[in-house]
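# Architecture and fold: a report
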Amino acid sequence: PASTGKAGTALSAEMSKAMPFLTAPTNLDGYVGGVGFDPLGFSDNFDPKWLVESEIKHGRVAMLAAAGFMASQFVNFPMYADMHVDDSNLAPQVVGVSAMLQIVCAAGIEEWRTNNGNVTMETMFANQDRAPGALGFDPMGMMKGKSEAEINDLKLKEIKNGRLAMLAIGGMIHHNFVTGDALF
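Small disclaimer: the values here were computed from a predicted structure and weren't measured.

## Here we look at the layout of surface pockets
Considered as a void within the structure, the second largest pocket measures approximately 500 Å³ in volume. Leu28, Phe37, Asp38, Glu55 and Arg163 are, among the 18 residues lining the second largest pocket, the residues nearest its centre. Residue assignment for the lining of the second largest pocket shows that the elements contributing at least two residues are α2 (48–71) and α5 (148–179). When grouped by side-chain class, the residues that make up the lining of the second largest pocket number eleven nonpolar, four polar and three charged.

Have a look at this one:
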């Protein structure tokens, strides 16, 4: 006779909130904004601090890029007044390589400055007290006098806005590629 009992195994791993069919990555526990999204297992192979720092930096750049992508249709710098294009995807070609290299060089210098010369994945967090994304830049004093819960709330808002901005700038760029028209 065939067995009627059910064989099974108990899962002791917690499931991801973001992808409930996958187990939650344990290496990302304790970071603000973590929802268990690591389907490719990057946190198993790379320093989680570096991954969080990367997400924060890409989010900050995407927020600036999204604002600049929209603003460039309506505002021109005086030195580039004769180079206006409605399709922001064409702007790098219009201003040329030298202007784009200035941006890349300025970003590299700022990266070097904010990390005290530690810019590789292996050395960026040589100082164990350094928190991802904390560059000591708070000119408006938004973090002064705030509790840890309030600071974590601000960090969560920044991460969520950065994630949205990364999707937004991708959508804007692809809108212009697909339609060939300006955004607005």
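## Some remarks on empty space enclosed by the protein
Over the atoms a probe the size of a water molecule is rolled, and this reveals where empty space is left. Applying the stated criterion across every chain yields a total of one cavity of 30 Å³ or more. Each pocket or cavity is described by its volume, and for the largest cavity that value is around 40 Å³. What lines the largest cavity is Glu55, Ile56, Gly59, Arg60, Met63, Glu158, Ile159, Gly162, Arg163 and Met166. Elements with a contribution of two residues or more to the lining of the largest cavity: α2 and α5. Among the residues making up the lining of the largest cavity, the classes are represented as four nonpolar, two polar and four charged.

## Considerations on the pattern of salt bridges
Going through the model one piece at a time under the given rule, you end up with seven salt bridges. Salt-bridge contacts for Arg130 lead to Glu53; the nearest nitrogen and oxygen are separated by 2.9 Å. Residue Arg130 is located in the loop between α4 (97–114) and α5, and its partner Glu53 is located in helix α2; the two are separated by 77 residues in the primary sequence. With relative accessibility at 12%, the residue Arg130 sits in the buried group. A cluster of three or more residues bridged by salt bridges with shared partners is formed by Glu53, Lys57, Glu111 and Arg130.

## Let's talk about the confidence of the model for the protein
Taken residue by residue, the protein gives an average pLDDT of 88. The fraction at 70 or more is 93%. At the low end of the mean pLDDT range in the protein sits helix α3 (residues 91–95), at 87; at the high end sits α5, at 95.

## Let's talk about the environment of Phe69
By secondary structure assignment, the location of Phe69 is in helix α2. For Phe69, a relative accessible area of 8% corresponds to the buried category. For the pair Phe69 and Ala91, spaced 22 residues apart in the sequence, the C-alpha separation amounts to 9.6 Å. Those residues in contact with Phe69 that lie beyond four places of it in its chain are Ser88, Asn89, Ile169, Met172, Ile173, Asn176 and Leu183.

## Considerations on the side chain of Asn176
Checked against the element boundaries, Asn176 lands in helix α5. There is a polar contact of 2.8 Å between the side chain of Asn176 and the side chain of Asp87.

## Description of the packing of aromatic side chains
In the structure shown here, the tally under the stated rule is three aromatic pairs. Taken together, a centroid distance of 6.0 Å and an interplanar angle of 50° make the contact between Phe42 and Phe46 tilted. Residue class for Phe46 comes out partly exposed when judged on its relative accessible area of 30%. Note on Phe74 and Phe184: the rings are 5.9 Å apart at their centroids and 35° apart in plane angle, and the pair reads as tilted. Here Phe74 is found in the loop between α2 and α3, whereas its partner Phe184 is found in the segment after α5, with 110 residues between them in sequence. Judged by relative accessible area, which is 59%, Phe184 ranks as exposed. Among the aromatic residues, those joined into a cluster by ring pairs are Phe42, Phe46 and Trp50.

Conventions we followed
Residues numbered from 1 in each chain as written. Predicted model: local features only at pLDDT ≥ 70, side-chain atom pairs only at ≥ 80, totals over all residues. Heavy atoms only, no water. 1 Å grid on protein atoms, 1.4 Å probe; cavity = no way out; pocket = protein on both sides within 12 Å on 5 of 7 lines; lining within 4 Å. Points joined across faces, edges and corners; volume = space filled by probe spheres on them. Helix = DSSP H or I, 4+ residues; strand = E, 2+ residues; numbered from the N terminus. Nonpolar A, V, L, I, M, F, W, Y, C, P; charged D, E, K, R; others polar. Salt bridge = Lys/Arg side-chain N within 4 Å of Asp/Glu carboxyl O. Buried < 20%, exposed > 50% of the residue type's maximum accessible area, 1.4 Å probe, protein only. pLDDT = per-residue confidence, 0-100. Contact = heavy atoms within 4.5 Å. Polar contact = N/O pair within 3.5 Å; in protein donor to acceptor, adjacent residues only side chain to side chain. Phe/Tyr/Trp six-rings, centres within 6.5 Å; stacked < 30°, edge-to-face > 60°.

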